[in-house]
Amino acid sequence: MFLGTTPHIISQFVLRELRNLKPEVVRVPFSGNFIFETLAAQVPEVKRIICTDVSLYSSAIGWYLTDTHGQITISEEIKNDYPGMKIETPEDIAAMVIFLQDLSVHYSKPGITYYERMLAHAKANWPAYIEKIREKLRKCKAEFQGKKIDFRSQDANVMLREVEKGDVVLYDPPTIFHGYEKLYKWLHQNVGWSAPYYSDIVEETRWDHFKMFDERGAVCYYRNNNPCAMPEGWPLVYRYKHTEKSEYCIYTNNRNVKPWVGKREKLRTKDPGLKLLGVGDEITAESKVQVVQVKNQYANHYRVLWVKKADMVDIGKAWLVLIDGKMTGVLMISSGQQFSNEFAMLVSDPATPTSRYKRLSKLMLFLVSTQEMLNMVNDEFLWEHTGVTTSVTSEHPESMKYRGVFQLHKRTENKVPGGYKYTLIYHSQEILPTFKDGLKRWLDKFGNQVK
Ligand SMILES: C[S@@+](CC[C@H](N)C(=O)[O-])C[C@H]1O[C@@H](n2cnc3c(N)ncnc32)[C@H](O)[C@@H]1O
């Protein structure tokens, strides 16, 4: 929902399982961003969703979803930095905590220009940030309409003692111990609340839980990154290799699960019915450039048509590029926020092959390397990106597409047999102010290269 911790590809599997099992009670001991709870809410037979988490962040969201008035206090620093910030209703509290959690890392790094700039931006524009978070919160709450959700700001061990036969437990424990405290130190120093006691969920704790689920007749799905040792009767039923070295894994004690093969799903596509830039269309310095945010399925329609790649992924947000009203290219971008990174990640950037121009794909790169684009991306993700990065696999040590526009930042030679020889990381070279500037730069450098 907010930080997107459970990837969509895992959610699809979990939702399929819940729809098959039709449980009355779903327990989520580690709520995080409430992704599993949102899935359970989609299953008509689920009557109760019982969930816990011990972090202030999840608790604030949990209180909001359950209309509970959590008790918090805020420091003078927050009062000074955000004069008039409300903390009266559960929605006020949730929005504020989410906002401050995002900023926590910036506050913790004084003296680093990048973080200081982001903080200054947030301080100057905080009401807009908060309003956007409120909208997301309301959208999330609407998904629980008519469902009984019971959230407790409590150690998972306590709630799990109540597990009963037939319950489904969606078990996604933390992978860093006490790391959350370090990560959000500033937040915890500035927002007071009565934090619950909690224990580290180590291997031994997990095994105790698994044993208890078996004994009580509860069905559990345990999500882990990469395969791990498990008790007998807990097969690996879901395996999805998302990078060279890591896999999403799910183990379960449900004997009737069809294993998920981890094959990537066909992309969802929809034709927006736009006219494509054709051979007769000339691009000039006076051409009108429009970059319009759309649902990913519209962008995927063009990606599937234009990109020859077996494993296209549907991540990030999509924008279509129109020149003089004609469909010209796609920009799919995801945020660097999850890596606390100032670079927006360019996931996909194809241009139409129907035009007269040989180097039209470089126009996409010039347009994405503009402040005008970054402003839209930053507004969308509520994170300040100052540049763009992309990763390419290639048989060659350089990519012709990015050369001359982006800068080669890192080259890794791959040793995997049958795979591409190189992984190349590129960074944007220069951020031009506007789309018009990007267009002009492309016209000067590549506009005369026609087919
Ligand atoms: C991996 S995240 C869960 C992510 C979640 N499935 C989602 O999709 O957003 C783990 C969560 O466990 C919480 N946590 C850590 N120790 C806990 C404990 N002993 N009891 C309850 N929650 C705990 C952390 O605050 C964190 O939000």
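Residues numbered from 1 in each chain as written. Predicted model: local features only at pLDDT ≥ 70, side-chain atom pairs only at ≥ 80, totals over all residues.

K.L.:
Explain the nonpolar core to me, please; I cannot follow it from the model alone.
P.N.:
The tendency in soluble globular proteins is for nonpolar side chains to be buried side by side. Grouped together as the largest cluster of nonpolar side chains are 66 residues, with contacts concentrated most on Ala-60, Ala-94 and Val-97. Each residue touching Val-97, except ones within four places of it in the same chain, is listed here: Leu-56, Tyr-57, Ala-60 and Val-191. Residues Leu-320, Met-327, Leu-331 and Leu-346 belong to the second largest nonpolar core, which totals 41 residues. (Core = buried A, V, L, I, M, F, W, Y, C linked by C-beta atoms within 7 Å. Buried ≥ 20, exposed ≤ 12 C-beta atoms within 10 Å, placed from the backbone. Contact = placed C-beta atoms within 7 Å.)

K.L.:
I tried to follow the domain arrangement of the chain on my own but got confused; where do I start?
P.N.:
Often, the extent of an interface is quoted as the loss of accessible area upon association of its parts. Per the domain assignment, the segments of the chain are domain 1 (8-263) and domain 2 (289-446). Centre-to-centre separation of domain 1 and domain 2, based on C-alpha positions: 32 Å. Contact with domain 1, which involves nine residues of that partner, is made by six residues of domain 2. Secondary-structure elements contributing two or more residues to the side of domain 1 that touches domain 2 are α5 (90-107), α6 (113-124) and α7 (126-142). The element contributing the most residues to the side of domain 1 that touches domain 2 is α6, with four residues. A breakdown of the residues in the side of domain 1 that touches domain 2 according to their chemical character gives four nonpolar, one polar and four charged. (Domains from an automatic or database assignment. Helix = DSSP H or I, 4+ residues; strand = E, 2+ residues; numbered from the N terminus. Nonpolar A, V, L, I, M, F, W, Y, C, P; charged D, E, K, R; others polar.)

K.L.:
Would you mind going over the site of the ligand with me for this structure?
P.N.:
Close contacts around the ligand come from 21 residues, with Thr-6, Phe-30, Gly-32, Asn-33 and Ile-35 the closest. Those elements that place two or more of their residues in the shell around the ligand are α2 (35-41) and β2 (48-53). (Near = placed C-beta within 6 Å.)

K.L.:
Would you take a moment to explain the sheet that holds strand β1 (residues 25-28) for this structure?
P.N.:
Within a sheet, each strand pairs with its neighbour through backbone hydrogen bonds, oriented either parallel or antiparallel. The sheet built from seven strands is open, its strands ordered β4-β2-β1-β5-β7-β9-β8 with mixed pairing. Both outer strands of the open sheet, β4 (148-153) and β8 (236-241), are each paired with one neighbouring strand and no more. Pairs of neighbouring strands in the sheet enclose a mean axial angle of 15 degrees, with direction left out of account. When strand β7 (residues 219-225) meets strand β9 (residues 247-252), the two strands line up antiparallel, connected through five bridges. Residue pairing for β9: Arg-223 is matched across the bridge by Ile-250. The sheet contacts of helix α1 (residues 8-21) involve β1, β5 (168-171), β7, β8 and β9, and relative to β7 the element is tilted by about 175 degrees. (Pairing = 2+ DSSP bridges. Axes fitted to C-alpha atoms, helices over the stretch in contact; angles between N-to-C directions.)

K.L.:
Which parts of the structure should I look at to understand the packing of helix α3 (residues 56-65) against α5?
P.N.:
Angle between the axes and distance between the axes: these two values describe a pair of packed helices. Viewed as axis vectors pointing N to C, α3 and α5 meet at an angle of 155 degrees, and their least axial separation amounts to 8 Å. Regarding the angle of α3 to α5, the classification is roughly antiparallel. Where α3 crosses over α5, the two elements pack in a sense that is left-handed. Where α3 abuts α5, its residues Leu-56, Tyr-57, Ala-60, Ile-61, Trp-63 and Tyr-64 lie against Pro-90, Glu-91, Ile-93, Ala-94, Val-97, Ile-98 and Gln-101. Grouping the constituent residues of the contact of α3 with α5 by class yields 11 nonpolar, one polar and one charged. (Parallel < 35°, antiparallel > 145°, perpendicular 65-115°, else oblique. Left-handed = near helix turned anticlockwise from the far one by under 90°.)

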